[in-house]
Amino acid sequence: MHRRIPEWLTIKVPRSRDIGKVEDLMRSQRLVTVCEEARCPNLGECWSKGTATFMIMGDTCTRSCRFCAIKTGRGAPLDPEEPQRLAEATRELNLKHVVVTSVNRDELLDGGAAHFAAVINALRTAMPGTSIEVLTPDFRGRKFAIETVCNAHPDVFNHNTETVPRLYRTVRPQAKYARSIDFLRTVKELAPTIYTKSGIMLGLGETEEEVLEVLSDWKDAGVDAVTLGQYLKPGKGYLDVVEYIHPTRFEHYKALAEEMGFLSVASGPFVRSSYNAIDFRHKYLDGGIPPPRPATPGPRRLNLPLAVV
């Protein structure tokens, strides 16, 4: 299926000294950015500002989601020096807000949660004034792994839901919608002072009713910040775009989400999980505004508890 890309989805990618500086530093520190690996359309804008989203634990994912350009396979052993190298890169770039994400590492008992915690601790030591946002996998729903990251206390804990429940088997065949919602609820239950965040892609065939269902589930799970962006096919062999969502519909979803009471809503064709994440720091973290809502008490959607080892 080939659809003509509409006019509102054209973007000019600048090249500048700032982009080269970030690129050179990442290579010298043997670090990976999701900006490059996921072929993010905002790479030029973000790197021009001297910001980037670090991707830890390698560039090979144990899952094969059909929307993602990151390569699939078995990852290399974790590098115990990576947290310190990342902290040094953050200090050299003088970043005020750092986003750290990763590939899935399902072969590890904790899914890499302890490595996330080590990165957070290294950043706290090197840059105590820098706020930290993590975007983690689902750790296969293991509560002890979620708790490991919560105990390191990132400022923002993000876990993407990616799509609506009906499309999970097609889009994320190795994940579960209910697990992701319960993951977000668990973070808020374990650490109510940590802001939680999640996002989905649009344009995969979802309906407005299904988008509202996700928003409702996020609200019940105590999610504070949400992102909605357009799915863009990264290359041959990936899922086709079913629909290019017009910017006015993104504005419509933004208005609906704000009416539901989310603290922060980013909705637009080029919105991605960590796009302009520093704006959240300026608006909420610098002002000392606490997360407004805990998770709504209630039965979990999974048949099994999260605390499975």
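These numbers come from a predicted model, not from an experiment. (Residues numbered from 1 in each chain as written. Predicted model: local features only at pLDDT ≥ 70, side-chain atom pairs only at ≥ 80, totals over all residues. Heavy atoms only, no water.)

**Examining the packing of helix H9 (residues 208-220) against helix H10 (residues 247-259)**
- Where H9 contacts H10, the axes come no closer than 11 Å and their chain directions differ by 35 degrees. Note on packing geometry: the crossing formed by H9 with H10 is right-handed. Along its contact with H9, which presents Glu208, Val211, Leu212 and Leu215, the element H10 presents His252, Tyr253, Leu256 and Ala257.
- Residues belonging to the contact of H9 with H10 are distributed by class as follows: six nonpolar, one polar and one charged. (Axes fitted to C-alpha atoms, helices over the stretch in contact; angles between N-to-C directions. Helix = DSSP H or I, 4+ residues; strand = E, 2+ residues; numbered from the N terminus. Left-handed = near helix turned anticlockwise from the far one by under 90°. Contact = heavy atoms within 4.5 Å. Nonpolar A, V, L, I, M, F, W, Y, C, P; charged D, E, K, R; others polar.)

**A short note on empty space enclosed by the protein**
- Inspection of the entire model under this criterion finds one cavity of 30 Å³ or more.
- If you add up the space inside the largest cavity, you get close to 30 Å³.
- What lines the largest cavity is Asn104, Arg105, Asp106, Gly111, Pro137, Phe139 and Arg140.
- The residue makeup of the lining of the largest cavity, split by class, is two nonpolar, two polar and three charged. (1 Å grid on protein atoms, 1.4 Å probe; cavity = no way out; pocket = protein on both sides within 12 Å on 5 of 7 lines; lining within 4 Å. Points joined across faces, edges and corners; volume = space filled by probe spheres on them.)

**A short note on the packing of aromatic side chains**
- Evaluated as defined, the whole model comprises four aromatic pairs.
- Taking the centre distance of 5.7 Å and the plane angle of 75 degrees together, the rings of Phe157 and Phe183 count as edge-to-face. You can see Phe157 sitting in strand S7 (residues 156-158) and its partner Phe183 sitting in helix H8 (residues 177-190), a full 26 residues away along the chain. Across the pair, exposure class does not vary: Phe157 and Phe183 are buried alike.
- Considering the side-chain rings of Tyr168 and Tyr177, the 5.7 Å spacing of their centres and the 85 degrees angle between planes classify their relative orientation as edge-to-face. With respect to burial, Tyr168 and Tyr177 carry one shared label: buried.
- One aromatic cluster is present, formed by Phe116, Phe139, Phe157 and Phe183 through successive ring pairs. (Phe/Tyr/Trp six-rings, centres within 6.5 Å; stacked < 30°, edge-to-face > 60°. Buried < 20%, exposed > 50% of the residue type's maximum accessible area, 1.4 Å probe, protein only.)

**Notes on unusual backbone geometry**
- The phi dihedral of Arg140 falls on the positive side, at around 55 degrees, and the residue is not glycine.
- The topology assignment puts Arg140 in the loop between strand S6 (131-135) and helix H6 (143-152).
- The backbone of His153 sits at a positive phi, close to 55 degrees, despite the residue not being glycine.
- Tracing the chain through its elements places His153 in the loop between H6 and S7.

**Let's talk about the confidence of the model for the protein**
- Confidence in the prediction for the protein averages 84 pLDDT; 79% of positions are at 70 or higher.
- Of all the helices and strands in the protein, helix H2 (residues 34-37) carries the lowest mean pLDDT, 52, while helix H5 (residues 113-126) carries the highest, 98.
- Taken as a whole, residues 298-309 scores under 50 in pLDDT and shows 25 contacts with residues more than four places along the chain or in a different chain. (pLDDT = per-residue confidence, 0-100.)

**Some points on the pattern of salt bridges**
- If you walk through the whole model with that rule in mind, you get 13 salt bridges.
- Here Lys188 ties to Asp224 by a salt bridge, and the two come within 2.7 Å at their closest N and O atoms. Taken as a pair, Lys188 in helix H8 and Asp224 in the loop between H9 and strand S9 (225-230) lie far apart in primary sequence, 36 residues in all. Asp224 carries the same exposure label as Lys188, and that label is buried.
- Taken together, the shared-partner salt bridges in this structure form one network comprising Arg63, Asp106, Asp138 and Arg179. (Salt bridge = Lys/Arg side-chain N within 4 Å of Asp/Glu carboxyl O.)

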